[in-house]
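Structural characterization, general
What follows is the residue order along each chain.
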Amino acid sequence: MKDYDPEKMISDSRFSVLFADSDKAMQEKVLSRIGRLVRDNRPYADDKNYGFLCNLFTSLAFVFSYEERGRTREESIAIVRNAMYDFVKPQINTMKKLSRLPVFVPFLKVYMPIKIRRTAGYGWNIELPQAPKNTFSMITHDCIFDQLFRKYGIPELTAVFCHVDDIIYDSLPGADFVYTQQIGNGGSCCDYSFVRK
C-alpha cells in the first residue's frame, strides 16, 4: 500500500515552495489537515491516485488553513492558484520543445494509456477513443478533483486545476491542444485532444 505521508506528499506536490515559505504554525496546520483528508478518503488513497492526491489534498489543506487564519475563500483560493501556476510555468518550454518532435503525438498514443493504467485509481473514468493517426484523444468522464472538491464545498477549485492544462499546452508549436468542454467549467466531461500541426 502506498505511504501517504503528509510531508512527503507536500514535497511531491506543486505546493512545496508555498509550504517552505509558510511559517511553522501554518505548516503544522497544513500537515494535520492533509493527514485528516487521507484518513477520511481512504478509497481514493490507493496505490494509483497518489500523484493526484498530493496536489488535491495539499491545495484543500492550504485553503482551509488560510481560512482558519481569517482569509476569505476567494483570497485563499487565489494564494493556492498563484502558487500552483508559478510552479508549473517552467513546464511550458519543455512541452513546447517536445511538441516540435514529429513523434510527439504518436508517443502520446503509446505512453498515455500506460500512464492512465498506472496512475488513475479509484474514482476516475477515462476513455481513450480511437482517433486519426495525427491525433491523440482522451475523455475524462469522472474526475476525482471534481468529486472531492465538491465534497468539501469548493467546486471552483476544479476549474483552477483544469486551467493548468491550458497553461502548459496552449500555443504548442507542434500540436494543437483542443477541447469543447471541461468538467471544472461546467462540462459533463473533459474531451481533450492533441492534433499534430
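Residues numbered from 1 in each chain as written. Predicted model: local features only at pLDDT ≥ 70, side-chain atom pairs only at ≥ 80, totals over all residues. Heavy atoms only, no water.

Our next topic: the packing of helix H3 (residues 24-40) against helix H4 (residues 50-68). If you want to describe how two helices pack, look at the angle between their axes and the distance between the axes. It is at 8 Å that the axes of H3 and H4 come closest, and there the two elements cross at 130 degrees. Judged on the interaxial angle alone, H4 and H3 are oblique. Helix-helix and strand crossings are classified by hand; for H3 and H4 the assignment is right-handed. Between H3, through Met-26, Lys-29, Val-30, Arg-33, Ile-34, Leu-37 and Val-38, and H4, the contact on the second element is made entirely by Phe-57, Thr-58, Leu-60, Ala-61, Phe-62, Phe-64, Ser-65, Tyr-66 and Glu-68. For the contact of H3 with H4, a count of residues per class yields 11 nonpolar, two polar and three charged. (Axes fitted to C-alpha atoms, helices over the stretch in contact; angles between N-to-C directions. Helix = DSSP H or I, 4+ residues; strand = E, 2+ residues; numbered from the N terminus. Parallel < 35°, antiparallel > 145°, perpendicular 65-115°, else oblique. Left-handed = near helix turned anticlockwise from the far one by under 90°. Contact = heavy atoms within 4.5 Å. Nonpolar A, V, L, I, M, F, W, Y, C, P; charged D, E, K, R; others polar.)

What follows covers helix H6 (residues 91-100). What H6 keeps buried is the set Ile-92, Met-95 and Ser-99. In an axial view of H6, the angular spread of the buried residues amounts to 65 degrees, which keeps them on one side of the axis. Turned more than 90 degrees from where H6 packs its buried face, Asn-93, Lys-97 and Arg-100 sit exposed. Contact partners of the buried residues in H6: helix H5 (73-88), helix H7 (104-119), helix H9 (156-169), strand E3 (175-178) and strand E4 (190-196). (Buried < 20%, exposed > 50% of the residue type's maximum accessible area, 1.4 Å probe, protein only. Arc of directions from axis to C-beta.)

The next point concerns the packing of aromatic side chains. What characterises a pair of aromatic rings is the spacing of the ring centres plus the angle enclosed by the ring planes. Per the counting criterion, the structure on display carries 18 aromatic pairs. Here the aromatic rings of Tyr-4 and Tyr-50 are separated by 5.3 Å at their centres, their planes lie at 70 degrees, and the arrangement is edge-to-face. Here the residue Tyr-4 occupies a position in the segment before helix H1 (6-11), and Tyr-50 occupies one in helix H4, the gap between them amounting to 46 residues. Tyr-50 matches Tyr-4 in its accessibility class, with the two residues each being buried. Ring centres of Phe-64 and Tyr-152 lie 6.2 Å apart, and the angle between their planes is 65 degrees; on these two criteria the pair is classed as edge-to-face. Within this pair, whereas Phe-64 is found in helix H4, its partner Tyr-152 is found in the loop between helix H8 (144-151) and H9, the two being separated by 88 residues in sequence. Among the aromatic residues, ring-to-ring pairing joins Phe-104, Tyr-169, Phe-177, Tyr-179, Tyr-192 and Phe-194 into one connected group. Looking at Lys-2, its charged tip hangs above the ring of Tyr-50, at a distance of 4.6 Å from the centre. (Phe/Tyr/Trp six-rings, centres within 6.5 Å; stacked < 30°, edge-to-face > 60°. Lys NZ or Arg CZ within 6 Å of the ring centre and 35° of its normal.)

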